[in-house]
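What the coordinates show
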Amino acid sequence: MDEEFRSLTDRLAHEAADPDVFHQLLATEDDEELAGVLVERERPLWAREIAAFRLGCRGDRRAFEALVLLLNHRDPERCVSAAHALLLLGDPRTPRAAAALATNTLRTAYALHPVRLLTALRAPESVPALVATLDRLLSPAEPHWRVALACVEGLGTLGDDRARQVLEAALPHPRLGTAAAEALSRLGWGERAYVSRQGL
């Protein structure tokens, strides 16, 4: 049992209303049984999450839609589990779906894990989506600055020169400046410009 699966089972053990079904879904090796949970009516969310997670980690693309919904859930722990399973799933639709969630202005509060998933995927969609998301979150009073910070860190990890302009724009931000300077240094930008921008 890997760490993510252990975390999921510990979390959902407190949520599952039917312990017998809970343990059956954790134990079964029947992918058809798990896939059935995703389409059956009136299945509780915890059961769908177990089924989607297990199928996703096995590379079964029938889990894709359920995992994308969980990736954008209001509960951050569900998002973490979904992102882990989507990364293992390897579905070619994942980068586009994660980019759509990250750039959705109506769902910015839930964009942290789509942003992190885009970084991990290193897909063609990753840099444009992170740049676009960061660009609209640069106000010093932005309440979703943690999403912006994840974009900055992700762009630094990806090391793509297309991020230079938006990372430079992030330098004066009180919560983003240090991370933006570090990200820019990975593009060969160096610390001198950061010092200059700060008037030091």
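Here goes a summary of the coordinates provided. (Residues numbered from 1 in each chain as written. Predicted model: local features only at pLDDT ≥ 70, side-chain atom pairs only at ≥ 80, totals over all residues. Heavy atoms only, no water.)

1. Points about the side chain of N72
Following the sequence through the fold, N72 ends up in the loop between α5 (64-71) and α6 (76-89). The buried category is assigned to N72, whose relative accessible area is 8%. At a separation of 3.3 Å, a polar atom in the side chain of N72 contacts the main-chain carbonyl oxygen of Y110. Not counting chain neighbours up to four residues away, the residues in contact with N72 comprise C79, L101, R107, Y110 and P114. (Helix = DSSP H or I, 4+ residues; strand = E, 2+ residues; numbered from the N terminus. Buried < 20%, exposed > 50% of the residue type's maximum accessible area, 1.4 Å probe, protein only. Polar contact = N/O pair within 3.5 Å; in protein donor to acceptor, adjacent residues only side chain to side chain. Contact = heavy atoms within 4.5 Å.)

2. Description of the packing of aromatic side chains
All told, the structure shown has 2 aromatic pairs when counted by the stated rule. Taking the centre distance of 6.0 Å and the plane angle of 10° together, the rings of F5 and F53 count as stacked. A residue pair is termed long-range when its members are at least 10 positions apart, and F5 in helix α1 (residues 3-13) and F53 in helix α4 (residues 45-57) qualify at 48 residues. Residue class for F5 comes out buried when judged on its relative accessible area of 15%. (Phe/Tyr/Trp six-rings, centres within 6.5 Å; stacked < 30°, edge-to-face > 60°.)

3. Points about the environment of L69
Secondary-structure assignment places L69 in helix α5. Distance in space between the C-alpha atoms of L69 and C79 is 8.8 Å, their sequence separation being 10 residues.

4. Details of helix α10 (residues 145-158)
Counted at 1.5 Å a residue, the expected span for α10 with its 14 residues is 20 Å, and the 20 Å between its end C-alpha atoms agrees. For α10, the tally of buried residues reaches 11 of 14 residues, placing the bulk of the element in the interior. Looking at the buried positions of α10, the neighbouring elements they touch are α8 (112-121), α9 (126-135), α11 (164-170) and α12 (177-185). Following α10 by one or two positions, G159 has its phi on the positive side, about 60°. (Expected span 1.5 Å × (residues − 1).)

5. Regarding the environment of A179
Along the polypeptide, A179 turns up in helix α12. Take A179: its relative accessible area is 17%, and that puts it in the buried class. Spatially, the C-alpha atoms of A179 and R93 are 30 Å apart, while their sequence positions differ by 86 residues.

6. Details of the packing of helix α7 (residues 94-103) against α9
Packing of α7 against α9 brings their axes to within 9 Å, and their N-to-C directions diverge by 5°. In terms of orientation, α7 and α9 fall into the roughly parallel class. Counted together, A99, A102 and T103 of α7 and A129, A132 and T133 of α9 form the full contact between these two elements. Across the contact of α7 with α9, the residue classes tally to 4 nonpolar, 2 polar and no charged. (Axes fitted to C-alpha atoms, helices over the stretch in contact; angles between N-to-C directions. Parallel < 35°, antiparallel > 145°, perpendicular 65-115°, else oblique. Nonpolar A, V, L, I, M, F, W, Y, C, P; charged D, E, K, R; others polar.)

7. Some remarks on α8
Within α8, 7 of the 10 residues are buried, which leaves the element mostly enclosed by the surrounding structure. Listing the buried residues of α8 in full gives L112, H113, P114, V115, L117, L118 and T119. Looking at the buried residues of α8, the elements they touch are α5, α6, α7, α9 and α10. Once α8 finishes, R122 follows within two positions and takes phi at roughly 50°, a positive value.

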